[in-house]
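Here are the chains, one letter per residue:
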Amino acid sequence: MEKKERIIGLVIGLIGLVFLFHFSFGYVRFDTTDSTVARAIVNIAYYLIDGWRRILLDYSYWIFWSIHWSYILFVWFYRACIGYWAIKSVRVFYKKI
């Protein structure tokens, strides 16, 4: 059962990675520069550092990829927990029905 949980955790993490970091919901296409996380980082950076646009874009780029790799490491290290809670959530949902 543990191997199944790890595989499910990785699949859920991969789906999350694609939709958070590489899919643009505004344009309904795969676009890394306009993804949900990229927009959030740029908007936060514009709010914090108003006026320094060139430096801002450089930092936003590096922050995006740092968070991207941190997410991948998080999913890799906690894949069994993600899978376990996903399976448990589905079982609880089916029991309610």
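Residues numbered from 1 in each chain as written. Predicted model: local features only at pLDDT ≥ 70, side-chain atom pairs only at ≥ 80, totals over all residues. Heavy atoms only, no water.

K.L.:
Please provide a residue-by-residue account of the overall build of the protein, values included.
P.N.:
Assigned secondary structure in the protein consists of four helices and two strands. Shown N-terminal to C-terminal, the secondary structure of the protein runs as helices and strands in the order α-β-β-α-α-α. Relative to the compact-globule value of 13 Å for 97 residues, the protein shows a C-alpha radius of gyration of 17 Å, a clear excess of over 25%. For the C-alpha atoms alone, the extent of the protein along its principal axes is close to 55 × 30 × 25 Å. Residues classed as buried in the protein amount to 25% of the 97 residues present. For the protein, long-range pairs separated by at least 24 residues make up 53% of all intrachain contacts whose partners lie at least 6 apart in sequence. For the protein, the exposed area adds up to about 7,600 Å²; of that, 69% sits on carbon and sulfur atoms. Taken as two groups, the 12 positive and 6 negative side-chain charges of the protein have centres that lie 13 Å from each other. (Helix = DSSP H or I, 4+ residues; strand = E, 2+ residues; numbered from the N terminus. Rg over C-alpha atoms; globule rule 2.2 N^0.38 Å. Buried < 20%, exposed > 50% of the residue type's maximum accessible area, 1.4 Å probe, protein only. Contact = heavy atoms within 4.5 Å. Areas by Shrake-Rupley, 256 points an atom, 1.4 Å probe, with all protein chains shown as cover. Lys, Arg positive; Asp, Glu negative; His and termini not counted. Charge placed at Lys NZ, Arg CZ, Asp CG, Glu CD.)

These results come straight from atomic positions and should not be treated as a statement about function.
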